[in-house]
Amino acid sequence: MNLAEIYRRDAWHMRWSLYISFVMLAIGGFYGTLQALDKMGVDLYRYLPDPLYRYYLGLTVHGVTLGWMFTVFFIIAFLNLVTIHGLRRPLASPGLAKATFGLAVLGAVAALIPTFTNEASVLWTFYAPLQAHPAFYIGLTAIVVATWTAGINAYLTWRSWKREHPNVRTPLMSFAALTTWAMWALASVGVAASMLFQLIPWSSGLLAQVNPLLNRSLFWFTGHPVVYFWLLPAYISWYTMLPAQVGGRLFSESLARLVFLAFIPFSIPTGLHHMFPDPGIPHSTKLLHAILTFAVVFPSLVTAFTVVASVEEGARRNGGTGRFRWILRLPWLTNPAVSGQLLGMVLFATGGITGIINASYGMNLVVHNTMWIPGHLHTQVAGAVTLTWMAASFWLIPLLTGKKLWSVRLSTLQVWTWFFGMAIMARGMHWMGMAGVPRRVHLTYAPYALFDEWRLAGWLVGAGGVLLFLSGALFLYVIAMTVWFSRSPAQVEVPEAKPLHPVERMPLVLDRITPWVTVTVVLIAIAWLPSIYRIATTHPYVQGWRLW
Amino acid sequence: MATDIDRYELTWIYICVVALLVLFGVLLYSAYALGIHVETDVGQIHPAQVATTPPFDQPGLRMIGPDHYEAVIVARAWVFDPPEIRVPVGSTVTFKLTSIDVIHGFKIPRTGINRMIVPGQISEVTHRFDEPGTYTFFCHEYCGSGHHIMNGGIVVEPR
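Everything quoted here is computed from the prediction, not taken from an experiment.

**Points about the overall build of chain A**
A count of helical and extended segments in chain A gives 18 helices and zero strands. A globule of 548 residues ought to have a C-alpha radius of gyration of about 24 Å, and chain A, at 23 Å, matches this closely. Along the longest, intermediate and shortest principal axes, the C-alpha atoms of chain A span 60 × 50 × 45 Å. The proportion of buried residues among the 548 residues of chain A is 61%. Contacts spanning at least 24 positions in sequence make up 87% of the contacts within chain A whose residues lie at least 6 apart.

**Some points on the domain arrangement of chain B**
Under the domain assignment, chain B is made up of domain 1 (1-37) and domain 2 (47-157). Between domain 1 of chain B and domain 2 of chain B, the C-alpha centre-to-centre distance is 38 Å.

**What about the packing of helix H5 (residues 172-187) of chain A against helix H10 (residues 253-267) of chain A?**
All names here are of chain A. Across the interface, H5 lies against H10 with an axial gap of 8 Å and an inter-helix angle of 10°. Classified by the angle their axes make, H5 and H10 are roughly parallel. The segment H5 lies against H10, with Leu172, Phe175, Ala176, Thr179, Ala182, Met183 and Ala187 engaging Glu253, Ala256, Arg257, Phe260, Leu261, Phe263, Ile264 and Ser267. By residue class, the composition of the contact of H5 with H10 is eleven nonpolar, two polar and two charged.

**As for the interface of chain B and chain A**
Opposite the 55 residues of chain B that make contact, chain A presents 64 residues. The dominant element in the side of chain B that touches chain A, judged by the number of residues it contributes, is helix H1 (residues 7-33) of chain B, at ten residues. Its residues placed into classes, the side of chain B that touches chain A shows 26 nonpolar, 19 polar and ten charged.

**A look at helix H2 (residues 55-87) of chain A**
Residue and element names in this part refer to chain A. Helix length check: H2 (33 residues) gives 46 Å between terminal C-alpha atoms against 48 Å at 1.5 Å per residue, within 8%. Within H2, 33 of the 33 residues are buried, leaving the element largely enclosed by the surrounding structure. With its phi angle positive at about 55°, Arg88 sits one or two positions after the end of H2.

Thresholds applied
Residues numbered from 1 in each chain as written. Chains lettered and ligands numbered in written order. Predicted model: local features only at pLDDT ≥ 70, side-chain atom pairs only at ≥ 80, totals over all residues. Helix = DSSP H or I, 4+ residues; strand = E, 2+ residues; numbered from the N terminus. Rg over C-alpha atoms; globule rule 2.2 N^0.38 Å. Buried ≥ 20, exposed ≤ 12 C-beta atoms within 10 Å, placed from the backbone. Contact = placed C-beta atoms within 7 Å. Domains from an automatic or database assignment. Axes fitted to C-alpha atoms, helices over the stretch in contact; angles between N-to-C directions. Parallel < 35°, antiparallel > 145°, perpendicular 65-115°, else oblique. Nonpolar A, V, L, I, M, F, W, Y, C, P; charged D, E, K, R; others polar. Expected span 1.5 Å × (residues − 1).

Here it is as structure tokens:
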């Protein structure tokens with residue numbers, strides 16, 4: 001089979017997953033812009049028809065379409081492609097791929113209908129005892145199940161490859177995809193348990209009461225590692241593709257593997273740092289999670305070296321010199337598939353620092369549930385991850401449609417405007433957070449809002465939001481023009497970085513996932529089980545409320 | 001470790017490990033030596049029993065020691081009961097909070113006061129008010145369509 005041949009059978013579902021993910025980006029981004037303007041006291045909601053003008057309906061749409069749908073559809077498509085390319089074979093089961101796609105689409109429709117009809121204004125975190133329509137929970141659960149079936153398909157594909165190559169190391173790309181699926185399979189157990197044993201039966205009337213703290217704990221069991229589920233596909237691009245895109249090589253393959261593997265044990269026993277100010281959970285458990293949260297910083301710190309070193313090597317091979325002047329050799333203005341990733345990394349570095357602040361136990365009391373938190377989240381997910389995915393889309397869409405990218409220039413303008421929009425908006429959000437402004441609030445109508453005092457911060461959020469709206473529209477325009485009107489054939493292939501040093505021997509543990517999963521299960525049992533068991537068995541269960 | 005790890009890369013890894021260990025140290029120092037702690041488990045109360053169980057059956061302020069008050073506040077959509085508390089400057093106030101419906105929050109900007117209020121659970125936080133003035137507190141966890149109007153104030157009066 002030649003290279004293009006191996007994608008052919010799976011191209012349709014990857015392509016449509018990407019299209020759906022971009023539609024979700026558009027819907028979520030629209031409400032995001034209105035939210036940003038609200039932070040400067042401008043209310044555009046009142047021009048929308050009923051029930052769409054409702055702030056918290058919009059906030060739910062923003063979180064659900066972006067956090068659960070834009071991400072999941074993109075990840076399934078991207079990890080499928082990475083698996084196929086890494087192993088040089090189509091997915092093992094076309095039937096399972098079809099089922100995955102169908103389940104994700106049905107789940108999205110099921111969850112969005114009650115969301116848009118104001119039956120589920122519970123935000124993307126759906127904290128009980130706020131009670132949404134059962135279809136909302138069932139739809140989101142179907143989306144999670146679709147991620148599992150996608151992961152199973154990746155595993156089956158790897159298994160058939162391994163049968164034919166018993167003594168060959170799994171290629172890095174597909175190995176990284178498999179570690180991502182393994183991490184997520186463990187991480188998603190929390191939210192799945194919350195849905196299946198509490199929220200779905202309760203919202204359907206089969207259960208009278210639920211335990212708010214139990215569901216909050218199970219949500220954050222999944223809710224923190226879900227950010228790594230978003231981040232790891234970006235890391236796959238940074239480690240296994242970007243070095244090739246800048247003409248360099250991957251600095252160290254062993255370390256890259258170690259980084260991906262380290263996310264399995266360290267992602268999950270950390271979620272309580274979202275619940276430091278919660279009652280009902282002792283100090284000791286929270287401190288344990290605080291310390292383990294620092295551990296999960298380690299793989300990202302390593303990334304800061306390895307990825308930058310790989311990029312530097314590429315820049316120097318292209319004639320870059322000097323201690324820092326090589327940075328100018330990078331295609332900042334000529335290759336948006338590269339500059340989008342590099343700009344994403346700049347945002348990611350700032351978010352790494354704010355993330356350490358969030359995890360720092362006592363310091364968390366200053367920032368918890370303030371605008372600082374969405375500021376942090378936006379540099380990471382809407383900044384680093386989304387920019388990397390946008391950059392990747394500039395070759396993914398041509399690869400999967402066979403059509404040349406509509407405009408390199410507009411795409412470059414797009415990633416730069418997104419970068420500045422996000423940097424400006426996040427700066428304003430962090431600033432408002434420091435001033436004590438709460439997140440998730442219809443601020444224009446909050447009696448305690450001090451727009452005079454926060455003026456500049458609020459204006460930064462609003463201005464950044466408008467810039468992001470324009471940049472997002474430009475992204476969708478470039479993609480749409482590529483898909484509908486591009487006539488030239490695409491000349492792209494999946495970028496794949498070679499290691500700088502040929503890997504002669506590597507500890508076996510860097511080509512195995514099972515030992516890491518075992519360690520993780522033990523860590524989860526220590527960090528989460530006693531707390532979850534105690535809350536489930538001794539803490540009160542309460543009735544549901546619909547307060548919107 | 002594997003053979004393809006570069007000398008500089010290894011140095012960087014050592015730096016990262018040391019930096020993280022220092023941060024662990026600072027964290028443990030702040031928690032155990034300085035006593036800076038976040039919320040812990042101070043007990044449970046079923047929302048249905050809030051109206052009949054002391055101290056939540058009588059929300060409000062009471063003195064529990066010299067310059068030390070206990071403020072019992074019950075949160076519900078979308079008010080704090082009581083919405084206003086008055087104490088003399090220099091008072092230490094221990095807030096006891098619970099909710100009778102959904103999850104709420106309790107934050108006073110520019111103080112260390114930041115708590116979740118979860119139905120079924122009791123939250124507790126203590127603070128000394130050294131500057132006179134009005135301290136606004138508000139709900140910082142989404143609790144329905146009136147979330148943004150849920151607020152109250154502590155008036156710290158000069159002696």
